[in-house]
Amino acid sequence: KDLKVKYEDLKREWETLRRQAKVKDKMLETRKKDLSTNTEKEAEKLAEEVKEEYNKYNKTGPSTDIELSAGYKVLLETNETLKQLKQRKDDIVESQKLFNLPITTFPEINEMIELNAKVEPIYKAYHEFEVFFNEQQDKTWIKLETSLLEKKNDELTRSKREFERKHLSSLLPFRKFED
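Given the structure is predicted, the values throughout are model-derived calculations rather than measurements. (Residues numbered from 1 in each chain as written. Predicted model: local features only at pLDDT ≥ 70, side-chain atom pairs only at ≥ 80, totals over all residues. Heavy atoms only, no water.)

**Some words on the pattern of salt bridges**
Side chains bearing opposite charge may pair, as long as their charged atoms lie close to each other.
So, point 1. On inspection of all chains with the given rule, the structure shows seven salt bridges.
So, point 2. Asp-9 is paired through a salt bridge with Arg-12; the nearest N and O atoms lie 2.3 Å apart. Taken as a pair, Asp-9 and Arg-12 lie in helix H1 (residues 2–60) at a separation of three residues, close to a single helical turn.
So, point 3. Since its relative accessible area comes to 31%, Asp-9 is described here as partly exposed.
So, point 4. Among the salt bridges present, the one from Lys-89 reaches Asp-90, with a minimum N-O distance of 3.8 Å.
So, point 5. Residue classification places Lys-89 among the buried residues on the basis of a relative accessible area of 15%.
So, point 6. In this structure Asp-90 comes out as partly exposed when scored by relative accessible area, which is 29%. (Salt bridge = Lys/Arg side-chain N within 4 Å of Asp/Glu carboxyl O. Helix = DSSP H or I, 4+ residues; strand = E, 2+ residues; numbered from the N terminus. Buried < 20%, exposed > 50% of the residue type's maximum accessible area, 1.4 Å probe, protein only.)

Written out as structure tokens, the structure reads:
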């Protein structure tokens, strides 16, 4: 008899839990729908921001006709912006997966990241040269070390050949670097 009472108690508790679960599920359904809608809006908003950034990038980005010293600063700023955009994109894609929404692609982000990766060695080489040049400019003629100047010239020549080998010679920053 004791077993039958336990069975009935367990059965009632189970039914209570099922009802509570259905109520919770209904309550969460609205919340899921809200989050899903919010994710879609965030994806649209990011798509607009990426489009604006892409247009700006193509007009004034580091791969455009910009002075090398200014381009280096633009490259650093653009890398930071792209890092933030990519993080937001990744968060949105995760949410889209979670809510079984269509995945939004942002190919412009990858295109800008890839182009930055191509021009970055050019700007870094130029920046290193610029720092070296400024250091040498402060020295008197007597303190200048010709071996150091020759070494830096050799490094720049190697860098130029390396850029050509990597087929970067068609990029505007390379042409300015070459000059």
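There is more to say after this.
**Focus: unusual backbone geometry**
So, point 1. The phi torsion at Asn-100 lies on the positive side, around 55 degrees, for a residue other than glycine.
So, point 2. Residue position: Asn-100 is located in the loop between helix H2 (68–98) and helix H3 (107–137).
So, point 3. Given a relative accessible area of 72%, Asn-100 falls into the exposed group.

**Quick look at the environment of Asp-91**
So, point 1. On the secondary structure map, Asp-91 appears in helix H2.
So, point 2. The class for Asp-91 is partly exposed, based on a relative accessible area of 42%.
So, point 3. Considered as a pair, Asp-91 and Thr-39 are 52 residues apart in the sequence and their alpha carbons are 9.6 Å apart.
So, point 4. Within the structure, the side chain of Asp-91 is placed 2.9 Å from the side chain of Gln-87, a separation counted as a polar contact. (Polar contact = N/O pair within 3.5 Å; in protein donor to acceptor, adjacent residues only side chain to side chain.)

**A word on the nonpolar core**
So, point 1. In this structure, Ala-43, Leu-46, Val-50, Tyr-54, Tyr-57, Leu-82, Leu-85, Ile-92, Phe-106, Ile-109 and Met-112 together form the largest nonpolar core, which totals eleven residues.
So, point 2. Contributing elements (two or more residues each) for this core: H1, H2 and H3.
So, point 3. If one sorts the elements of this core by residue count, H1 sits on top with five residues.
So, point 4. The contacts of Phe-106, once residues within four sequence positions are left out, are Ala-43, Leu-46, Ala-47, Val-50 and Lys-89.
So, point 5. One finds Leu-68, Val-74, Leu-75 and Tyr-123 within the second-largest nonpolar core, a separate group that totals seven residues. (Core = buried A, V, L, I, M, F, W, Y, C linked by side-chain atoms within 4.5 Å. Contact = heavy atoms within 4.5 Å.)

**Remarks on the packing of H1 against H3**
So, point 1. At a closest axis distance of 10 Å, the pairing of H1 and H3 adopts a crossing angle of 30 degrees. By the angle between their directions, the pair H1 and H3 is classed as roughly parallel. The handedness of the crossing between H1 and H3 is left-handed. Along the contact surface, H1 presents Val-50, Glu-53, Tyr-54 and Tyr-57, while H3 presents Glu-108, Ile-109, Glu-111, Met-112, Leu-115 and Asn-116.
So, point 2. Of the residues contributing to the contact of H1 with H3, the split by class is six nonpolar, one polar and three charged. (Axes fitted to C-alpha atoms, helices over the stretch in contact; angles between N-to-C directions. Parallel < 35°, antiparallel > 145°, perpendicular 65-115°, else oblique. Left-handed = near helix turned anticlockwise from the far one by under 90°. Nonpolar A, V, L, I, M, F, W, Y, C, P; charged D, E, K, R; others polar.)

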